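# Tertiary structure, described
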Amino acid sequence: MNEEQTSFNIGPQHPALKEPETFRVIVEGERVVKAEAILGHTHRGIEKMAESRDYNKTLYLAERICGICSFAHNANFARAVEFVADVKVPKRAEFLRVLVAELERLHSHLLWLGVLAHEIGFDTFYILVWNDRETIMDLLETLTGNRVNYGMNRIGGVRFDLNDEIKKIMRDKIEEFKPRLEKIRDVVLNSKTIIARTNGVGRISKDLARKTCVTGPTARSSGIDWDLRRDEPYFIYEQLDFNVPISDRGDVYSKIILRVKELFESIKIIEQVLDLIPSGKIFQDVRGRFEGKAVSRIEAPRGENFHYVEFRKSKNPYRLKVRAPTYANVVSSVEALVGHHIADIPVIVAANDPCFSCTDRTLIIDRDKGRYQIMSARDLRKLSVETTKEVMQ
Amino acid sequence: MLIVELIKNLFRKPETVRYPYETKGLNFPERLRAMHVIDQDSCIGCSKCARACPAFVIQMVPLTEEELAKRNEKIKRKRVKPVIDLTACIFCGVCEEVCPTDCLNLTNQLVMPSGRKEELEVG
Ligand code: SF4
Ligand code: SF4
């Protein structure tokens, strides 16, 4: 660090955070020259806790790893245990799992889009998107009984069935949702505010994406054509017809467009599931102690979700290892910060990883002069909003 | 276009309500998992719910003398009864699923804020 440079920390503590990270940023004036991420602030010991409860209880624990992609963790753990127990899940259950997984992708991407709009100070769009997201939340609640942490899975199948009445509600609401989604797409494509603040910002090149092992929409927006749903189909994805959008620009704007395109694909998948779903049982009873180990990977809204379980003639997992997609993506967002303004930090961090609230407390330390200054999320957001106003003039 | 939106929005009702003082307009789906009810007259005290609960919030407490005397004929062997601490419950519905006599049910009664912990105990 030379005389002109200043170092400050972003994060980590905030009571409402899902995954707080600290970003230690060195700036020269307003420009970021170096950034690093410090992880591990919300270590809750879930993997260790899993060792002290049986697989049925661990299922609900796994669900609580993340509030937004709760189904992805829940289904992934159930799938891994099903591999060990060697049970065949009924077809209808697999269709229902895909249905909830895609509804979850819809609500997660919409949440993210709203958050990003909020970060750049475009609050009208944020409210519009979140209002539309309520339709999806209602559908999830109607089917499973909960808005988040649905408790949909059990080992060997699912717990809640789809009946004709719910099927009709789903069809109607999805039909109602489509024009609204088109409106969202039009805003994203034409809004000067969004383009001005995100186009060319936080670019992650294909090389960088490969080097930092990113996954999910972050990888696809940097030109890596990889989606587990298509490339290593699980559940019944191989029977469905959908596209995997990719882009090679790698900036925040391309991530927005990519996710909006994914929303349309999810709608397509949901419609096919509602048409094709077979009748039959929704679960296979699974009991007893198991021996063996298994790995399961599924495409969560944010990327590849990985679960490893091992049983040694027991009901409790001997070992559970989880890797959530954000863990893989966070390194790339650090690299993407370099060269940008402080005001772009919330946008770039939010673009990769919805846990933007780590920008809640920023400590600016001017080492040479011995000054320090705390920048709260509000200050940082104010800076971001001011920048939007400036570029819009 | 803008004018149309403006006029529409002028007459639109707010999307939110003053929960919990006002619950009109809130939509509680059939399957919503909220407040439990236990029919202690048909509960046989088998503890299945307590063993299955992933959040460990169901306690089997011994019946009092009075309750022992009042037990009906069919559940003569019942010595303990389930008490659920709703403050730590995750509303997964597993207890309802495993109960052999269907005496434990989750209603869709969502409105249960309370200032006192005792009020959030079902049993
Ligand atoms: S609903 Fe509550 S009491 Fe019932 S099993 Fe789940 S956590 Fe336990
Ligand atoms: S499982 Fe049902 S019958 Fe058994 S103790 Fe619980 S509530 Fe009573």
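Residues numbered from 1 in each chain as written. Chains lettered and ligands numbered in written order. Predicted model: local features only at pLDDT ≥ 70, side-chain atom pairs only at ≥ 80, totals over all residues. Heavy atoms only, no water.

## Description of the interface of chain B and chain A
Interface size is commonly expressed as the accessible area that is lost once the parts come together. Across the boundary between the two partners, chain B contributes 19 residues, which contact 21 residues of chain A. Interface area, chain B with chain A, both sides summed: about 1500 Å², of which 42% is carbon and sulfur. Joining chain B to chain A, the criterion identifies two salt bridges. R159 of chain A serves as the salt-bridge partner of E97 of chain B, at 2.7 Å between the closest nitrogen and oxygen. Seen at the junction of chain B and chain A, the total is eight residue pairs in polar contact (both at pLDDT 80 or more). Where the side of chain B that touches chain A is concerned, the elements lending two or more residues are α2 (48–52) and α4 (94–98) of chain B. When the residues that make up the side of chain B that touches chain A are grouped by side-chain class, the tally is ten nonpolar, two polar and seven charged. (Contact = heavy atoms within 4.5 Å. Buried area = accessible area lost by both parts, 1.4 Å probe. Salt bridge = Lys/Arg side-chain N within 4 Å of Asp/Glu carboxyl O. Polar contact = N/O pair within 3.5 Å; in protein donor to acceptor, adjacent residues only side chain to side chain. Helix = DSSP H or I, 4+ residues; strand = E, 2+ residues; numbered from the N terminus. Nonpolar A, V, L, I, M, F, W, Y, C, P; charged D, E, K, R; others polar.)

## Describing a nonpolar patch on the surface
Taken together, the side chains of I3, L6, I7, L10 and F11 of chain B present a nonpolar region at the surface, about 600 Å² in accessible area. Looking at the element boundaries, F11 of chain B is found in the loop between α1 (2–10) and β1 (36–38). (Patch = residues over 30% accessible without salt bridge, like charges linked within 9 Å, V, L, I, M, F, W, Y side chains within 5 Å. Areas by Shrake-Rupley, 256 points an atom, 1.4 Å probe, with all protein chains shown as cover.)

## A short note on the pairing of strand β2 (residues 22–28) of chain A
Residues and elements named next belong to chain A. The buried fraction of β2 is high, at five of seven residues. With six bridges connecting them, strand β1 (residues 5–10) and β2 associate as antiparallel partners. Across the sheet, residue F8 finds its bridge partner in β2, namely V25. Linking two consecutive strands that pair antiparallel, namely β2 and strand β3 (residues 31–38), is a turn of two residues; a positive phi of about 65° is found at G29 within it. (Buried < 20%, exposed > 50% of the residue type's maximum accessible area, 1.4 Å probe, protein only. Pairing = 2+ DSSP bridges.)

## Notes on the site of ligand 2
In the vicinity of ligand 2 lie 14 residues, with C43, C46, S47, C49 and C99 of chain B positioned nearest. In terms of residue class, the shell around ligand 2 is made up of ten nonpolar, three polar and one charged. (Near = heavy atom within 4 Å.)

## Here's the deal with the packing of aromatic side chains
Two measures describe an aromatic ring pair: the distance that separates the ring centres and the angle between the ring planes. Residue and element names in this part refer to chain A. For the coordinates displayed, the defined rule picks out eight aromatic pairs over all chains. Among the aromatic side chains, those forming a connected cluster through ring pairs are Y234, F235, Y237 and F242. The cationic tip of R154 hangs over the ring face of F283; the distance from NZ or CZ to the ring centre is 3.8 Å. Over the ring of W112 we find R259, and its NZ or CZ is 4.1 Å from the ring centre. (Phe/Tyr/Trp six-rings, centres within 6.5 Å; stacked < 30°, edge-to-face > 60°. Lys NZ or Arg CZ within 6 Å of the ring centre and 35° of its normal.)

## Digging into the sheet that holds strand β2 (residues 58–62) of chain B
Taken in spatial order, the three strands make up an open sheet running β2-β3-β5 (chain B), and their pairing is antiparallel. For this open sheet the edge positions go to β2 and β5 (121–122) of chain B, each flanked by a neighbour on one side alone.

## Considering helix α5 (residues 123–144) of chain A
Spanning 22 residues, α5 of chain A covers 31 Å between terminal C-alpha atoms, matching the ideal 32 Å at 1.5 Å per step. Just past α5 of chain A, the residue G145 of chain A takes up positive phi, approximately 100°. (Expected span 1.5 Å × (residues − 1).)

## Some thoughts on the packing of helix α4 (residues 91–119) of chain A against α5 of chain A
All names here are of chain A. Running from N to C, α4 and α5 point in directions that differ by 160°, and their axes come no closer than 8 Å. Classed by the angle they form, the pair α4 and α5 counts as roughly antiparallel. Helix-helix and strand crossings are classified by hand; for α4 and α5 the assignment is left-handed. Contact residues: L99, V100, L103, L106, H107, L110, L111, L113, G114, V115, A117 and H118 in α4; D123, F125, Y126, V129, W130, R133, I136, M137, L139, L140, L143 and T144 in α5. Residues belonging to the contact of α4 with α5 are distributed by class as follows: 18 nonpolar, four polar and two charged. (Axes fitted to C-alpha atoms, helices over the stretch in contact; angles between N-to-C directions. Parallel < 35°, antiparallel > 145°, perpendicular 65-115°, else oblique. Left-handed = near helix turned anticlockwise from the far one by under 90°.)

In short, the description is geometric, and any link to function would need to be established separately.
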